[in-house]
Amino acid sequence: MELEEAIRTRRTHKAYGADPVDRATLEELLELARWAPNHHLTNPWRFRVLGPRSLAALKEAAGPEAAAKFDRAPTLIVASVALSGDPEQDAEDRDATAVAAYLVLLGAHGRGLAGYWRTPAVLRSPEGRGALGLGDDEVALGLLHLGPARQEQRPPERSPVETVVSFLD
Ligand SMILES: Cc1cc2nc3c(=O)[nH]c(=O)nc-3n(C[C@H](O)[C@H](O)[C@H](O)COP(=O)(O)O)c2cc1C
C-alpha cells in the first residue's frame, strides 16, 4: 500500500476476527517500530506481546468488569517507554515511543490487519503494572490490539487543516 494512502486509511477497529497475528508478522511489525525517530538514539520503546498467562494476569488485575474488553482482539501488545530519570529525556522518549507504537499500527494496516490503541486504566494500576512486570523505570503507553478486521470503519472527522496550521512570518 502506498504510504499516504496507508496513513489516511488506517482506522481504529474494535471488532476482530479470531485468528492471532502470526509470530513472523509480529516480528516484522516490531522491527519496523524501531525505525521511529528518537533523540540521542535511546531506543526507549519496549513491547510485550501477551501470551495466555500474561493476558490472564492482566485480566485478573483489571477485574471482572473490565476483563471482557481484553478479548476483543486476538493479539495484544503492551507498548511502554523505558525511563531514564531525566525529565527532559523521558518526555522525548515517551514521544518517540508513541511514534514507534503508531508504526506498529500503520505497518499492521499496510498488511491488511486491523488495529486499535487503547489505554485501559489497568496499565497504570499497581496490579496491572505488576502483572506486566513493569518496574518503576517503565511506563506503559498503550495496549495495541491487532487482528483480522471484521468490519469497515468510517473515518472520524479531523479538524480542517487551516484550523491547526499557521504559517508564521
Ligand atoms: C494515545 C492514544 C490513546 C488512545 N486510547 C484509546 C482508548 O483508551 N479507548 C479508545 O476507544 N480509543 C483510544 N484511542 C484511539 C482513538 O480514539 C482514535 O485514534 C480516534 O478516535 C481516531 O480514530 P482513528 O484511529 O480511526 O483515526 C487512543 C489513541 C491514542 C493515540
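1. Let's talk about the nonpolar core
For step 1, the next point in the chain: Counting residues in hydrophobic clusters, the biggest one holds 18 residues, and the most contacted among them are Val-104, Leu-144 and Leu-146.
For step 2, the next point in the chain: Counting residues per element, the ones that place at least two in this core are α2 (23-33), β2 (75-82), α5 (87-110) and β4 (138-148).
For step 3, the next point in the chain: Setting aside chain neighbours within four positions, we find Val-104 in contact with Leu-29, Leu-30, Ala-33, Phe-47, Leu-144 and Leu-146.
For step 4, the next point in the chain: Membership of the second largest hydrophobic core comes to 15 residues, among which are Leu-50, Leu-76, Val-78 and Leu-123.

2. Some remarks on a nonpolar patch on the surface
For step 1, the next point in the chain: Nonpolar side chains collect at one region of the surface, where Val-161, Val-164, Val-165 and Phe-167 lie side by side and expose about 460 Å² of accessible area between them.
For step 2, the next point in the chain: Summarising the element assignment, Val-164 is placed in helix α7 (residues 161-164).

3. What about empty space enclosed by the protein?
For step 1, the next point in the chain: On inspection of all chains with the given rule, the structure shows one cavity of 30 Å³ or more.
For step 2, the next point in the chain: Of the voids in this model, the largest cavity is the one considered here, and its volume is about 50 Å³.
For step 3, the next point in the chain: For the lining of the largest cavity, the secondary-structure elements that each account for two or more residues are α5 and β3 (113-118).
For step 4, the next point in the chain: By residue number, the principal contributor to the lining of the largest cavity is β3, which donates four residues.
For step 5, the next point in the chain: Residues belonging to the lining of the largest cavity are distributed by class as follows: four nonpolar, three polar and two charged.

Rules used throughout
- Residues numbered from 1 in each chain as written.
- Predicted model: local features only at pLDDT ≥ 70, side-chain atom pairs only at ≥ 80, totals over all residues.
- Heavy atoms only, no water.
- Core = buried A, V, L, I, M, F, W, Y, C linked by side-chain atoms within 4.5 Å.
- Buried < 20%, exposed > 50% of the residue type's maximum accessible area, 1.4 Å probe, protein only.
- Helix = DSSP H or I, 4+ residues; strand = E, 2+ residues; numbered from the N terminus.
- Contact = heavy atoms within 4.5 Å.
- Patch = residues over 30% accessible without salt bridge, like charges linked within 9 Å, V, L, I, M, F, W, Y side chains within 5 Å.
- Areas by Shrake-Rupley, 256 points an atom, 1.4 Å probe, with all protein chains shown as cover.
- Salt bridge = Lys/Arg side-chain N within 4 Å of Asp/Glu carboxyl O.
- 1 Å grid on protein atoms, 1.4 Å probe; cavity = no way out; pocket = protein on both sides within 12 Å on 5 of 7 lines; lining within 4 Å.
- Points joined across faces, edges and corners; volume = space filled by probe spheres on them.
- Nonpolar A, V, L, I, M, F, W, Y, C, P; charged D, E, K, R; others polar.

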